[in-house]
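# Reading the structure
Residues per chain are reported as follows:
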Amino acid sequence: MPEVLVVDDSKVMRDMVVACLRPYPGLTFTHASSGLEAIERLSLQPYDLLVLDLNMPDIGGIEVVEFVRSQDRLRNLPIIIVTTRGDEASRARALAVGANRFMTKPFTPDAILAEARALLEEKRG
Amino acid sequence: MTGSVDLADFLPAYLAEAEELLGAAQRHLLAVEASVRRGLAHPRAVRELFRALHTIKGLSAMVDVESIVSIAHWMETSLRHSDRAGGRLPESSVEPLMEGLREIEQRVRQLAAGKPVTPVPAGLLERLEALEAAALGTDPAKPAPVALELDATVSARLSAAEREQLTVGAAGKRAVRLDFIPGAERASSGITINSVRERVAKLAEAVKVLPLSGPAAGGGSLTFVLLLLTDATDDALLEAAGGPPASVRALTAAPAVPAAPIVTTEPELEAVVARVEEEPEEQRRGGGTLRVEVSRLDEALERLAALVVNRSRLTRAVAALTAAGAPTRELTAILQENGRQLRDMRAAIIRLRMVKVADVLERLPLLVRGLRRSTGKAVRLELEVGDAELDKAVADRLLPALVHLVRNAVDHALELPEERRAAGKPEEGLVRLACHGGASGLLELSVTDDGRGVDAEAVARRAGVPVPATSDGLLDVLCRPGFSTRDAATSTSGRGMGMDIVRRITVDQLGGELRLETRPGQGTTFRLRVPLTITLLDALIFECAGLRYAVAVGSVEELIDVDAARLTRPAGASGVVLVERRGSAVPLLSLERLLERGSPDGQRGGTGAKALIVRQRGEPVAFAVDRLLGQQEIVLRPLEDPLVRVPGVAGATDLGDGQPTLVLDLAALGAARSGNGRRERAT
Amino acid sequence: MSVLHVVFKVDGAEYALPASDVLQMETFTGATPVPGAPSHVAGLVQVRGRVIPVVDARVRFGLPPVQRSLDTRVVVGQLGNRTVGLLVDSAREVLKLDPAQVKPPPPLVVEGARGFVKAVAQVGPRLVMLIDFPRVIGEEAPDGDGQR
């Protein structure tokens, strides 16, 4: 069963992302409310997909992407970053350091589901 | 399946989070303002303000509220520049940012009230955009002179502003590095980076937290490095990180240089800043807290009520057994224990609805700030609310009353600075809001000012009544609807004092008490006592036989128009009237008759113009009423006296006329009054 | 030791309650009727934020109804933790009654007052009846299934 780590300091946003991805069969979800927690969880347990907010306290999404890509074990973990208008520069940075896709708020449930499906199937196949 | 997710379902959760974020944003902006006035940078507050706005923007985009997205975006843009300037902001930027927050807040309120959201006001975005340019002109942060004892990997990841913070420090605080190594075992005993971060936040300000991968002490492969400014001892910090393999070391050889001297003081804002500094953000935004919709708690309470009813059946059954001579001593003991447990359970659920009074009042400093500007009076606001808590429903209702009292105190009670000086008082007036846990189930609050006091003679003259002999009498006059101590409406208090509203809320709505103590020339105290908890109900208000009644919206299945021409009266069914509803016949009861309001000559028993359909023992039954008056949220006041505890009446409420209005439980009313026993079923 | 009493009138007769049992007196602007309540309950009124039942003294004493007037008062009494109003024709006097003035009610009064009068006091030419407040308001037990 594919495990998804959803990282956002906004609980509403995490809930929204989970609701959007729910229709994909068999996913299980873990929430992380900070970039630090995400890194801790990633260092302790494998995941199949990372959905990541850019704007978080202490360390933001970019630093999480950098950390992930610096780890051999996590080199192939698919990452979707979730951005907002105004994040263009950070988004470019995140893609440059290794995020796979980005979604800009507002996005539709179908749009993020399609991205997740593509990444999960690419990884499996 | 894919089409089934509707992000609009997240609106209630969005509103709750947006409110919380706005509260945080206001606190941070006040802190920024206080720093700006002292000529200092406040990079952390600027960044937190930025983050709060950014989150609001993203969430608002998801639920499609474009005007909030735009306002937040432009506020954020100007803050981004300030952030780059090391958290410095020109003083002229504060007011437009305040305005932006107010506009966002107004729109969040509109959404919450189900109203259309107004577009961005003319000129606001331009004003915010102009700030951006202004911010660009401010001085960039100066590079720090002192060297930090840090290894290159960590040092390379610090910004100039962060380095400046660590070297300059906050008054006398030490700069230290705390290393925390996460692990599966530690995580399973609750020691995670989030919990460590939260505990550390109570002891220190975290300037930077970063992950370092590579072999770590204790066999780990990841280290979190926390760079802190603190007064706490190494041992305390180590303990907060769960002990070794965590470690602590100092970053500078000598204590950091004290902060720059304070240029101007703004006591009220300083107090705000002090509070913001004392209470780490993580604590207030509540790591380890859970947001739950109030309706879910109410559902739990309802389930519990069913258990209580069941228990009383059990009690009766056991009593019958006892009467029949069965050995029930143990059963009785268990029942008693069970009763106690149910009471504890109820108390526990009610506690879940409690909010901190301090959180409820977080907007008051902002209010007073505005009043200070508009009245030209010097005011200090003191909040002494401690850890007191209140039911959210009570808190939401009470806040407007407290706002009113604070507003009145600044507006009417406090004198202008020169007047105060002449009276031998400090120029700065004081308004203090305090609360104390009162007698069981009640909270006492007081709003005190050191202003001119209420002039009983002037009040009596204005109201055209004799001078009241007691302070209760004086309060009665002040609370007369429309009473005002000012001739002209003032911009801040609107039409006069509005004390009638304060009394309506405290006394009539919440069932509490309001008292007044005043001494000429020395000041006034209003004391409020309110219940810690109340029951709220979404209700339909209707009229029947000349009286108004309320009924819980949730209990009503449907509202139908009653067309007298389409009623049927089956022969031999002793006066039962059937009304057609989507092809099936539903018995129509005259509510007028059930309420014993029919004229004594009997069968007038009106069929009304409208009917409420309610399920009674699973079957739909229509209750005829004369007129629907609307839907509103009401405070349900249970009727406690046995004289009026009757089936079918859930309680009473005050719709604003000072008269109790009955809140009906139609199903129970129908069941209790359906003639002798049950009526034949229709259809 | 004399005790302060509140004196009120119903149908021309004078009654009294110890002032310590009386919370306050209110003018009467109407009560909200409660269906299913005992017939002597005039309804609910709101007194300083509390919703309390009001007992109509005339109905209770079996007297004919009258038009309410400006004199009509609600005597708000405290009975343990219950607060109940008593609707009377007027109430405008407070009297100090010496225990020596207070006597058991004469048989005629006992009969006529259905046990609501527990003593009488002679005050000059006037006869003031001390009422048994718990009895007047009625101590109806809550009915069995009245939960909620």
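The coordinates are above.
In this report, the structure presented in the accompanying data block is examined. (Residues numbered from 1 in each chain as written. Chains lettered and ligands numbered in written order. Predicted model: local features only at pLDDT ≥ 70, side-chain atom pairs only at ≥ 80, totals over all residues. Heavy atoms only, no water.)

### Looking at the overall build of chain B
Selection criterion: Elements are defined by DSSP. Helices are runs of H or I of four residues or more, strands are runs of E of two residues or more, and each kind is numbered from the N terminus. Each residue is assigned to one of three classes by its accessible area relative to the maximum for its type, calculated with a 1.4 Å probe on protein chains only: buried under 20%, partly exposed between the two thresholds, exposed over 50%. Each accessible area value is a Shrake-Rupley result obtained with a 1.4 Å probe; residue values ignore everything except the protein chains displayed when judging cover.
Secondary structure summary: chain B contains 23 helices and 22 strands in total. By the burial criterion, 48% of the 683 residues in chain B qualify as buried. In the form shown here, chain B has an accessible surface area of approximately 32,100 Å², with 53% of it arising from carbon and sulfur atoms.

### Some remarks on the overall build of chain A
Heads up, the rule is: Residues count as neighbours in contact if any of their non-hydrogen atoms are within 4.5 Å of one another.
A tally of helices and strands in chain A yields 5 helices and 5 strands. When the elements of chain A are put in sequence order from the N terminus, they spell out β-α-β-α-β-α-β-α-β-α. Among the 125 residues that make up chain A, the fraction classed as buried is 60%. A separation threshold of at least 6 residues defines the contact pool for chain A, and within that pool the share at least 24 residues apart is 61%. Of the roughly 4,700 Å² of accessible surface on chain A, a fraction of 50% belongs to carbon and sulfur atoms.

### Topic: the sheet that holds strand β6 (residues 73-79) of chain C
Residues and elements named next belong to chain C. Applied cut-off: At least two DSSP bridges between two strands are required for those strands to pair. Interaxial angles span 0 to 180 degrees and are taken between N-to-C directions of axes, which are lines fitted to C-alpha atoms, for helices over the stretch in contact.
Strands sit in the order β3-β6-β7-β5-β4 across an open sheet of 5 strands; the sheet is mixed. Where the open sheet ends on each side, the last strands, each with one partner, are β3 (22-27) and β4 (41-47). Neighbour-to-neighbour, the strand axes of the sheet open up by a mean angle of 30°, direction not taken into account. Two elements, β3 and β6, share 5 bridges in a ladder whose sense is antiparallel. The residue bridging Gln 24 from the neighbouring strand is Val 76, located in β6.

### A look at the interface of chain C and chain B
A common way to report how large an interface is uses the accessible area buried once the components associate. Using the following cut-off: Summed over both partners, the accessible surface that disappears when two parts come together, traced with a 1.4 Å probe, is what is meant by buried area. For this analysis, a salt bridge means a side-chain nitrogen from Lys or Arg found within 4 Å of a carboxyl oxygen belonging to Asp or Glu. Each polar contact in these results corresponds to two N or O atoms within 3.5 Å; when the atoms are within protein, one needs to be able to donate a hydrogen and the other to accept it, and residues that are neighboring in sequence are counted only if both atoms are side-chain atoms.
Facing 33 residues of chain C, the contacting portion of chain B comprises 31 residues. Summing both partners gives a buried area of about 2,500 Å² for chain C against chain B, and 57% of it is carried by carbon and sulfur. Looking only at chain C, the three residues that lose the most surface to chain B are Pro35(C), Gln46(C) and Arg48(C), adding up to 24% of its buried area. Here Arg82(C) and Asp641(B) are joined by a salt bridge, their closest N and O atoms 2.7 Å apart. Counting every contact that joins chain C to chain B gives 5 residue pairs in polar contact (both at pLDDT 80 or more). Among the elements of the structure, β4, β5 (50-56) and β7 (82-88) of chain C are those that each provide at least two residues to the side of chain C that touches chain B.

### A few points about the side chain of Arg637(B)
Our working definition: In this charge count, Lys and Arg are treated as positive and Asp and Glu as negative; neither His nor the chain ends contribute.
Here Arg637(B) shows up in the loop between β20 (627-636) and β21 (649-654). Asp654(B) provides the closest opposite charge to the buried, unpaired Arg637(B), separated from it by 6.4 Å.

### Points about the interface of chain A and chain B
Rules: Here the term charged refers only to Asp, Glu, Lys and Arg, the term nonpolar to Ala, Val, Leu, Ile, Met, Phe, Trp, Tyr, Cys and Pro, and the term polar to all other amino acids, Gly among them.
Taken together, the contact between chain A and chain B spans 37 residues of the former and 41 residues of the latter. Buried surface at the junction of chain A and chain B, both sides included, amounts to about 3,300 Å², of which 62% is carbon and sulfur. When residues of chain A are sorted by the area they lose upon contact with chain B, Met16(A), Glu40(A) and Arg85(A) head the list and together hold 19% of the total. On the surface where chain A and chain B come into contact, there are 3 salt bridges. One salt bridge connects Asp9(A) with Arg51(B), and the closest N-O pair in it is separated by 2.8 Å. Only α1 (11-21), α2 (35-44), α3 (61-70) and α5 (109-124) of chain A provide two or more residues apiece to the side of chain A that touches chain B. Among the elements that make up the side of chain A that touches chain B, the one with the highest residue count is α1(A) (7 residues). Residues of the side of chain A that touches chain B, tallied by class, amount to 17 nonpolar, 9 polar and 11 charged.

### As for the nonpolar core
For clarity, the cut-off: The definition of a nonpolar core used throughout is a set of buried Ala, Val, Leu, Ile, Met, Phe, Trp, Tyr and Cys residues joined through side-chain atoms within 4.5 Å.
Leu21(A), Tyr14(B) and Ile104(B) are the most contacted members of the largest nonpolar core, which totals 67 residues. Of all the elements, helix α1 (residues 11-37) of chain B adds the most residues to this core, at 11 residues. Leaving out residues up to four positions away in the same chain, Leu21(A) has contacts with Val4(A), Leu27(A), Phe29(A), Val51(A), Ile112(A), Leu113(A) and Ala116(A). Tyr15(C), Val75(C), Leu79(C) and Ile137(C) belong to the second-largest nonpolar core, a separate cluster that totals 53 residues.

### Things to note about the pairing of strand β3 (residues 222-230) of chain B
Every regular strand shows the same layout, with side chains that alternate between the two sheet faces. Residues and elements named next belong to chain B. The buried fraction of β3 is high, at 9 of 9 residues. The two faces of β3 match: Leu 222, Phe 224, Leu 226, Leu 228 and Thr 230 on one face and Thr 223, Val 225, Leu 227 and Leu 229 on the other face are all buried. Relative to β3, strand β1 (residues 174-180) is paired through 7 bridges, and the arrangement is antiparallel. Bridge pairing links Val 176 to Leu 228 in β3. Here strand β2 (residues 204-213) pairs with β3 via 9 bridges, running antiparallel. In the sheet register, Lys 208 faces β3, and the bridge partner there is Leu 227.

### Comments concerning unusual backbone geometry
Negative phi is the rule for most residues except glycine; trans is the rule for most peptide bonds. Lys105(A) connects to Pro106(A) through a cis peptide bond whose omega is 0°. Residue placement: Pro106(A) occurs in the loop between β5 (101-104) and α5. The backbone of Asp58(A) sits at a positive phi, close to 65°, despite the residue not being glycine. Locating Asp58(A) in the fold gives a position in the loop between β3 (49-53) and α3. Although it is not a glycine, Ala545(B) adopts a positive phi angle of roughly 50°. Residue placement: Ala545(B) occurs in the loop between β12 (535-544) and β13 (547-552).

### Points about the sheet that holds strand β11 (residues 126-131) of chain C
Residues and elements named next belong to chain C. Reading across from one edge, β8-β1-β2-β11-β10-β9 is the order of the 6 strands in this open sheet, with mixed pairing throughout. Of all the strands in the sheet, the pair left with one neighbour each is β8 (90-97) and β9 (102-103). Here 2 bridges tie β9 to strand β10 (residues 117-123), and the two strands are oriented antiparallel to one another. Within β10, the residue paired with Val 102 across the bridge is Ala 121.

### With respect to the packing of aromatic side chains
All names here are of chain C. Which entries qualify depends on this criterion: We call Phe, Tyr and Trp rings a pair once their centres come within 6.5 Å, taking the six-membered ring for Trp, and we label the pair stacked below 30 degrees between planes, edge-to-face above 60, and tilted otherwise.
Following the criterion strictly, the structure yields 4 aromatic pairs over all chains and no others. Between Phe 8 and Tyr 15, the aromatic rings sit 5.9 Å apart at their centres with planes inclined by 20°, giving stacked as the arrangement. Put simply, the rings of Phe 8, Tyr 15, Phe 61 and Phe 116 touch in pairs and so form one group of aromatic residues.

### Section: the packing of helix α2 (residues 43-62) of chain B against helix α3 (residues 66-84) of chain B
Residues and elements named next belong to chain B. Here is the rule: These descriptions rest on fixed angle ranges, namely under 35 degrees for roughly parallel, over 145 for roughly antiparallel, 65 to 115 for roughly perpendicular, and the rest for oblique. Here is the rule for handedness: rotate from the far helix to the near one, and if that takes an anticlockwise turn smaller than a right angle the crossing is left-handed, while a clockwise turn gives right-handed.
Close contact between α2 and α3 brings their axes to 9 Å; oriented N to C, the two are set at 155°. On the basis of their axis angle, the class for α2 and α3 is roughly antiparallel. For α2 against α3, the interelement crossing comes out left-handed. Within the contact between the two elements, α2 uses Val 46, Arg 47, Leu 49, Phe 50, Leu 53, His 54, Ile 56, Lys 57, Ser 60 and Ala 61 and α3 uses Ile 68, Val 69, Ala 72, His 73, Met 75, Glu 76, Leu 79, Arg 80, Ser 82 and Asp 83.

### A look at the environment of Thr230(B)
All names here are of chain B. Among the structural elements, Thr 230 can be located in strand β3. Contacts of Thr 230, omitting those with residues within four sequence positions, involve Lys 173, Arg 174, Val 176, Leu 203, Ala 204 and Leu 237. Reaching out from Thr 230, the side chain makes a polar contact with the backbone nitrogen of Ala 232 at a distance of 2.8 Å.

### Re the environment of Arg548(B)
Residue and element names in this part refer to chain B. Among the structural elements, Arg 548 can be located in strand β13. Owing to a relative accessible area of 32%, Arg 548 belongs among the partly exposed residues under this scheme. It is 6.4 Å that separates the C-alpha atoms of Arg 548 and Thr 661, two residues lying 113 residues apart in sequence. Setting aside its immediate chain neighbours within four residues, Arg 548 contacts Phe 542, Glu 543, Leu 629, Leu 655, Asp 657, Thr 661 and Leu 662. Polar side-chain contacts of Arg 548 include one of 2.9 Å to the side chain of Asp 657.

### Observations concerning the pairing of β7(C)
All names here are of chain C. Across the 7 residues that make up β7, a large majority, 7, are buried. Here β7 shows two buried faces, one formed by Arg 82, Val 84, Leu 86 and Val 88 and the other by Thr 83, Gly 85 and Leu 87. Where β5 and β7 come together, 3 bridges link them in parallel fashion. Considered in β7, the bridge of Val 54 is made with Gly 85. In this structure, β6 lies alongside β7, joined through 7 bridges in antiparallel fashion. If you follow Val 76 over to β7, its bridge partner there is Gly 85. Here β6 folds back onto β7 in antiparallel fashion, the turn holding 2 residues, of which Gly 80 has a positive phi close to 60°.

### Examining the pattern of salt bridges
All names here are of chain B. The tally for this structure, following the rule as stated, stands at 59 salt bridges over all chains. Put simply, Arg 421 and Glu 427 hold a salt bridge, and the shortest N to O gap is 2.7 Å. Taking the shortest distance from any N to any O, the salt bridge between Arg 504 and Asp 654 comes out at 2.8 Å. Of this pair, Arg 504 sits in helix α21 (residues 499-509) while Asp 654 sits in strand β21, and the two are 150 residues apart along the sequence. Residue class for Asp 654 comes out buried when judged on its relative accessible area of 12%.

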